[in-house]
Amino acid sequence: MIKRLKFKKLLNEYKSCKFELEMIREILKDGHLEFEVFYRRWCADNGVDIDKLNKSNSKNVQVIFEKQEKGLMKLEEPTQRNTDKHKKVFREIARKIHPDKLETSDPRFWEYTNAFKDANRAIEKQKWGDLFEVVEKYDIWLTDYDEACEDIQKSIDETKELIEAEKKTYSWSLHICGDNNTCKEKVVKNFLHHLFGWKS
C-alpha cells in the first residue's frame, strides 16, 4: 500500500511538471513572435542593422541555432531504447481497455481507443510518466511499484530539464519582463551580444 501511495505521489508530481511544460510552450507559441517583433523594432529604432549582422556572422548564427535545436531534440529523445520495458504493464492495459473488445457504438469505445493509443505511444517513446497516467486512470494494479516509481522519477527529471531549456530562451526572458521596457531592452542586447558579439 505504501509503495502504491508513493507511486501516486510521484505521478502527481509528473502531471504537475507536464502541465507546467505545456503551459510554457503554449505561452511561447506567441512569445517567439512577440520577441521577433520587439527585437526587430528595437533594432530599427536604435540603428542596429540586423541584415548586416546576419551576413557578417552567418556561420556563428548557424552553429548557435543548430546547437540549440540538437540540444532540445536530445532532451526529447529517450536516452536508451528498451523495447521490452514495461511490456507486462502494457499487456495489463490491453487486457483492460483494448478497444477491440468493444462495439463501436459503445460509449467507451473512443475513450478506450485514445487511451490505448496514448499507452502505445508512451511505450514507443519511453515516456513512462504518460504510460503510468493510463495505469492510474483505469486503476490497473502493478506487480513492481519500485520500478514504476523509478521510471516516473526519470520522467519527472526529463520534464524538468525540458522546462529549464524552454525557460533559457530569449522569448521566455522577454515574456517574464512583462511591460518593463528596460528589462526587454536588456534581453535584446543580451541576444545581440550572444548571437553577433554586438556591444552597445
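Residues numbered from 1 in each chain as written. Predicted model: local features only at pLDDT ≥ 70, side-chain atom pairs only at ≥ 80, totals over all residues. Heavy atoms only, no water.

Enquirer: What is the right way to read the overall build of the protein chain from this model?
Expert: From N to C terminus, the protein chain includes 9 helices and 0 strands. Within the protein chain, the proportion of its 200 residues that are buried is 38%. For the protein chain, the share of sequence-separated contacts (at least 6 apart) that also reach a separation of at least 24 residues comes to 74%. Of the roughly 13,200 Å² of accessible surface on the protein chain, a fraction of 51% belongs to carbon and sulfur atoms. (Helix = DSSP H or I, 4+ residues; strand = E, 2+ residues; numbered from the N terminus. Buried < 20%, exposed > 50% of the residue type's maximum accessible area, 1.4 Å probe, protein only. Contact = heavy atoms within 4.5 Å. Areas by Shrake-Rupley, 256 points an atom, 1.4 Å probe, with all protein chains shown as cover.)

Enquirer: Looking at this structure, I do not really get the environment of alanine 115. What am I missing?
Expert: Here alanine 115 lies in helix α5 (residues 109-125). Note: C-alpha distance between alanine 115 and isoleucine 93 (22 residues apart in sequence) is 9.3 Å. If we skip the residues at most four places from it in the chain, alanine 115 touches Ile97, Val134 and Tyr138.

Enquirer: When you look at the packing of helix α4 (residues 87-97) against helix α6 (residues 128-137) in this model, what are you seeing that I'm missing?
Expert: Any two packed helices are characterised by the angle at which their axes cross and by the distance between the axes. Between α4 and α6, whose axes approach to 11 Å, the crossing angle comes to 40 degrees. Regarding the angle of α4 to α6, the classification is oblique. In this structure, the crossing between α4 and α6 has a hand that is left-handed. From α4, Val89, Ile93 and Ile97 reach across to α6, where they touch Leu131, Phe132, Val134 and Val135. Its residues assigned to classes, the contact of α4 with α6 comprises 7 nonpolar, no polar and no charged. (Axes fitted to C-alpha atoms, helices over the stretch in contact; angles between N-to-C directions. Parallel < 35°, antiparallel > 145°, perpendicular 65-115°, else oblique. Left-handed = near helix turned anticlockwise from the far one by under 90°. Nonpolar A, V, L, I, M, F, W, Y, C, P; charged D, E, K, R; others polar.)

Enquirer: Please explain the pattern of salt bridges as it appears in this structure.
Expert: Oppositely charged side chains are able to pair whenever their charged atoms sit close together. Within this structure, the stated rule accounts for 18 salt bridges. For glutamate 166, the salt bridge identified is with arginine 25, shortest N-O distance 2.9 Å. Taken together, the positions of glutamate 166 in helix α7 (residues 145-167) and arginine 25 in helix α1 (residues 2-45) put the pair 141 residues apart, joining distant regions of the chain. By relative accessible area, arginine 25 is classed as partly exposed at 28%. Salt bridges sharing partners connect three or more residues here, namely Lys85, Glu147, Glu150, Asp151 and Lys154. (Salt bridge = Lys/Arg side-chain N within 4 Å of Asp/Glu carboxyl O.)

Enquirer: Is there a simple way to explain the packing of aromatic side chains in this structure?
Expert: Each aromatic ring pair is characterised by the separation of its centres together with the angle its planes make. Under the defined criterion, the tally for this structure stands at 12 aromatic pairs. Here the aromatic rings of phenylalanine 35 and tyrosine 39 are separated by 5.7 Å at their centres, their planes lie at 5 degrees, and the arrangement is stacked. Placement of both phenylalanine 35 and tyrosine 39 in helix α1 is noted, with a separation of 4 residues, approximately one turn of the helix. We note that phenylalanine 35, like tyrosine 39, is buried. Between phenylalanine 90 and phenylalanine 116, the aromatic rings sit 5.3 Å apart at their centres with planes inclined by 35 degrees, giving tilted as the arrangement. With phenylalanine 90 in helix α4 and phenylalanine 116 in helix α5, the pair connects residues that are 26 residues apart, well separated along the chain. Taken as a pair, phenylalanine 90 and phenylalanine 116 share a single burial class, namely buried. (Phe/Tyr/Trp six-rings, centres within 6.5 Å; stacked < 30°, edge-to-face > 60°.)

Enquirer: Would you mind showing me how to read helix α8 (residues 170-177) here?
Expert: Because an α-helix completes one turn every 3.6 residues, residues spaced three or four positions apart along the sequence face the same direction. Ser171, Trp172, Leu174 and Cys177 are the residues of α8 that are buried. Buried residues in α8 make contact with α1, α7 and α9 (181-196). Trailing α8 by a residue or two, glycine 178 shows a phi angle of about 65 degrees, which is positive.

Enquirer: Please explain the side chain of lysine 184 as it appears in this structure.
Expert: On the secondary structure map, lysine 184 appears in helix α9. Look at lysine 184: it is buried, it has no salt bridge, and the nearest opposite charge is aspartate 179 at 5.0 Å. Within the structure, the side chain of lysine 184 is placed 3.3 Å from the backbone oxygen of glycine 178, a separation counted as a polar contact. Once residues within four sequence positions are removed from consideration, lysine 184 is found in contact with Phe38, Leu174, Cys177 and Gly178. (Lys, Arg positive; Asp, Glu negative; His and termini not counted. Polar contact = N/O pair within 3.5 Å; in protein donor to acceptor, adjacent residues only side chain to side chain.)

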